[in-house]
Amino acid sequence: MNEENIKKEEEYLFGTAEGFSEYLSDVLKGNNYPMVKDATARAVSQQTIEKVATAAKVTRSSLYRGYFVEGEPTLQNFLSVLDALGVELTAAPKTVASR
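Note that the coordinates shown come from a computational prediction; the quantities given were computed from them, not determined experimentally. (Residues numbered from 1 in each chain as written. Predicted model: local features only at pLDDT ≥ 70, side-chain atom pairs only at ≥ 80, totals over all residues. Heavy atoms only, no water.)

**Description of the packing of helix H3 (residues 33-45) against helix H5 (residues 60-68)**
Where H3 contacts H5, the axes come no closer than 9 Å and their chain directions differ by 135 degrees. As far as their axial angle goes, H5 and H3 are oblique. Seen from H3, the contacting residues are Lys 37, Thr 40, Ala 41, Val 44 and Ser 45; seen from H5, they are Leu 63, Gly 66, Tyr 67 and Phe 68. (Axes fitted to C-alpha atoms, helices over the stretch in contact; angles between N-to-C directions. Helix = DSSP H or I, 4+ residues; strand = E, 2+ residues; numbered from the N terminus. Parallel < 35°, antiparallel > 145°, perpendicular 65-115°, else oblique. Contact = heavy atoms within 4.5 Å.)

Written as C-alpha cells, this is what we have:
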C-alpha cells in the first residue's frame with residue numbers, strides 16, 4: 001500500500017469505523033509505524049479533535065501533539081484513540097505468506 005493509494009481512497013477509508021479499521025489492518029501488516037500514525041491522524045481529522053480527545057479521555061493538546069506534530073503517541077494513547085474512533089486492535093498469527 002503506498003501513499004498514492006491512500007490519497008485516492010481517503011474519504012471512503014476514513015469516514016467510517018469499518019473503513020478505517022480495514023485500512024489500519026492493512027497498514028499494520030506492513031509494520032509501517034509512520035503510516036499507522038498518519039492513518040490514525042486522518043481518521044481523527046474526520047471528526048473534531050475535541051470530540052475524539054473527550055471520548056479517548058486524553059487532552060486535546062496531547063492528541064494534537066501526538067498525531068499532528070512530530071510526536072510519538074504511547075500505546076495507551078493509541079488504544080484510547082482507537083476506542084474513541086470505534087475500532088479495536090486485535091492480534092492474529094502471521095500467515096505463511098507474510099512470514
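Moving on, there is more to tell.
**Section: the nonpolar core**
Among the nonpolar cores identified, the biggest contains 23 residues, and Phe 20, Val 44, Val 52, Leu 63, Val 81 and Leu 85 are the most heavily contacted of them. Sorting the residues of this core by element identifies helix H2 (17-29), H3, helix H4 (49-56), H5 and helix H6 (75-84) as the ones contributing at least two each. If you tally residues by element for this core, the top one is H3, at six residues. (Core = buried A, V, L, I, M, F, W, Y, C linked by side-chain atoms within 4.5 Å. Buried < 20%, exposed > 50% of the residue type's maximum accessible area, 1.4 Å probe, protein only.)

**Describing the environment of Leu 63**
Tracing the sequence through the fold places Leu 63 in helix H5. The spatial distance from the C-alpha of Leu 63 to the C-alpha of Val 44 is 9.2 Å, given a sequence separation of 19 residues. In contact with Leu 63, other than residues within four places in its own chain, are Val 44, Ile 49, Val 52, Ala 53, Val 58, Phe 68 and Val 81.

**Here we look at the side chain of Asn 77**
As for its placement among the helices and strands, Asn 77 is situated in helix H6. Once you skip the residues sitting within four places of it in the chain, Asn 77 turns out to touch Val 58, Ser 62 and Tyr 67.

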